[in-house]
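Notes for the structure review
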Amino acid sequence: MATDIKDTAHAVEAAAVMRLLPVRPRLLALGEPTHGEDTLLDLRNELFRQLVEQEGYRTIAIESDCMMGLVVDDHVTSGTGTLDEVMEHGFGHGWGTSAANRELVRWMRAYNDGRPASERLRFAGFDGPLEITAAASPRQALTTLHGYLAARVDADLLPCTAKTLDRLLGTDDRWTNPAAMTDPSQSVGQSAEARELRLLADDLVALLDAQTPHLLAATSRDDWDRARLYGRTATGLLRYHYWMADTSAARMTRLVSVRDQMMAHNLLAVSARGPALVHAHNSHLMREKSTMRMWDQPLLEWWSAGAIVSAHLGEEYAFVATALGTIRHRGVDTPPPDTVEGLLYALPKDRYVIDGARLATALGDTRPAPRVSPWFGYSPLDPAHLADSDGIVFVKDVPQS
């Protein structure tokens, strides 16, 4: 058995990953089973560098706020802002403090310096402006979209004035109230103003679409792309807030589904630019249904961004999951030998890329036991779904960052 598994294991390099795939994918998704470990982000950075230099990849998209990500993209493409400013204002979830993320931004800026626009690397956040405790106000997305259109189309075509939007939005703290995450009655998402804003957002997005030929002639494709991002974000946020105010048993399933749907729409937009490396939690990128337990809720099940994008792109979407041996500083110790992670841990080297389908075949009908993590922040591989990933990256030990 160990010999069979060893035959499927190769050094973690872009070339080895590409050999597992039928075609060069438009989106190559690299998952991680836990967040906040620079060892995994350093590996991501090195893989991206190889994909850029050997395979012609030009974009990296990470699980971070899509609107904040524009700050990073401006910096790496044209040098706007200092590195410190970009790390402070360009990342969601507090990930601007990561040394590996800082090194990624620094390297991308250095790579782009002096290159023509067609060869420059691009950065994208593909998550919505959502944190575990709250969702952002739709103000920035709605007013920026309105401003873009107001400057370029006949005023009679706009569904409302900027003043009307401002009145309906009210104060931002109405939207960002953290109590709304656990108490639907605290959410403004189903108020009369929020319902009107959903209709206006829909009309603004429709106007943007209808005016595409004119807008592409009057402005740059990048500006139009950004307007579309603001449109997707405005409608997605208003939908998310609507379901935050819901009191049915499906409330949390709706919320996690809306988030991943927003992610999927952002990834499909990224894919239109050309080949990109995508990096996020395994649960947002896998093809089978994602599951999660939150608080005292029943088990949540939903289709992830990766599952949605895979349905759209077919073999132009590839998913490589990451699995770990130990995260000792989190209490995750040596994996039991009868788990997938335990079998991989017995291999001699520190990290491998493994063919998921060949591993499933080598293990045969008697699949290993599922690993149980003592720490909620680490999600082990599901041995029943090994063949659903195009590859598996295994990292033996994750030291404290």
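Read on for a plain summary of the structure. Everything quoted here is computed from the prediction, not taken from an experiment. (Residues numbered from 1 in each chain as written. Predicted model: local features only at pLDDT ≥ 70, side-chain atom pairs only at ≥ 80, totals over all residues. Heavy atoms only, no water.)

It is worth spelling out the overall build of the protein at this point. The helix and strand tally for the protein stands at 17 helices and 10 strands. Taking 2.2 N^0.38 as the reference for a compact globule, 401 residues should give roughly 21 Å; the C-alpha atoms of the protein span a radius of gyration of 22 Å, in line with that estimate. Along the first, second and third principal axes, the C-alpha set of the protein runs to 70 × 55 × 35 Å. Going through the 401 residues of the protein one by one, you find that 53% of them count as buried. In the protein, the share of contacts with a sequence separation of at least 24, taken over all contacts with a separation of at least 6, comes to 77%. Roughly 17,400 Å² of accessible area belongs to the protein as shown, and the carbon and sulfur atoms make up 51% of that amount. If you average the places of the 40 positive and of the 53 negative side-chain charges in the protein, the two averages end up 2 Å apart. (Helix = DSSP H or I, 4+ residues; strand = E, 2+ residues; numbered from the N terminus. Rg over C-alpha atoms; globule rule 2.2 N^0.38 Å. Buried < 20%, exposed > 50% of the residue type's maximum accessible area, 1.4 Å probe, protein only. Contact = heavy atoms within 4.5 Å. Areas by Shrake-Rupley, 256 points an atom, 1.4 Å probe, with all protein chains shown as cover. Lys, Arg positive; Asp, Glu negative; His and termini not counted. Charge placed at Lys NZ, Arg CZ, Asp CG, Glu CD.)

Now for the packing of helix H7 (residues 139-150) against helix H12 (residues 221-244). For any two helices packed against each other, the geometry comes down to the angle between their axes and how far apart the axes lie. In contact at an axis separation of 8 Å, H7 and H12 are set at 140 degrees when each is read in the N-to-C sense. As judged from the angle between their axes, H7 and H12 are oblique. When the axes of H7 and H12 are compared, the crossing they make is left-handed. Contacts between H7 and H12 involve Gln 140, Ala 141, Leu 142, Thr 144, Leu 145 and Tyr 148 from the first element and Asp 223, Trp 224, Ala 227, Tyr 230, Gly 231, Thr 233, Ala 234 and Leu 238 from the second. (Axes fitted to C-alpha atoms, helices over the stretch in contact; angles between N-to-C directions. Parallel < 35°, antiparallel > 145°, perpendicular 65-115°, else oblique. Left-handed = near helix turned anticlockwise from the far one by under 90°.)

With that settled, consider the layout of surface pockets. Of the voids in this model, the largest pocket is the one considered here, and its volume is about 1,700 Å³. For the largest pocket, the lining is made up of 49 residues, of which His 281, Ser 283, Thr 291, Met 292 and Ser 379 are closest to its centre. Elements that contribute at least two residues to the lining of the largest pocket include exactly helix H13 (251-271), helix H14 (282-285), strand E6 (290-292) and strand E8 (317-326). At five residues, the largest contribution of residues to the lining of the largest pocket is made by H13. Class assignment for the residues of the lining of the largest pocket results in 24 nonpolar, 14 polar and 11 charged. Its volume calculated, the second largest pocket comes out at about 430 Å³. (1 Å grid on protein atoms, 1.4 Å probe; cavity = no way out; pocket = protein on both sides within 12 Å on 5 of 7 lines; lining within 4 Å. Points joined across faces, edges and corners; volume = space filled by probe spheres on them. Nonpolar A, V, L, I, M, F, W, Y, C, P; charged D, E, K, R; others polar.)

In this section: unusual backbone geometry. At His 93, a residue that is not glycine, the phi angle is positive and equals roughly 60 degrees. With respect to the helices and strands, the residue His 93 is situated in the loop between helix H5 (83-89) and helix H6 (99-112). For His 93, a relative accessible area of 22% puts it in the partly exposed group.

Geometric descriptors of this kind do not, in isolation, establish any biological role.
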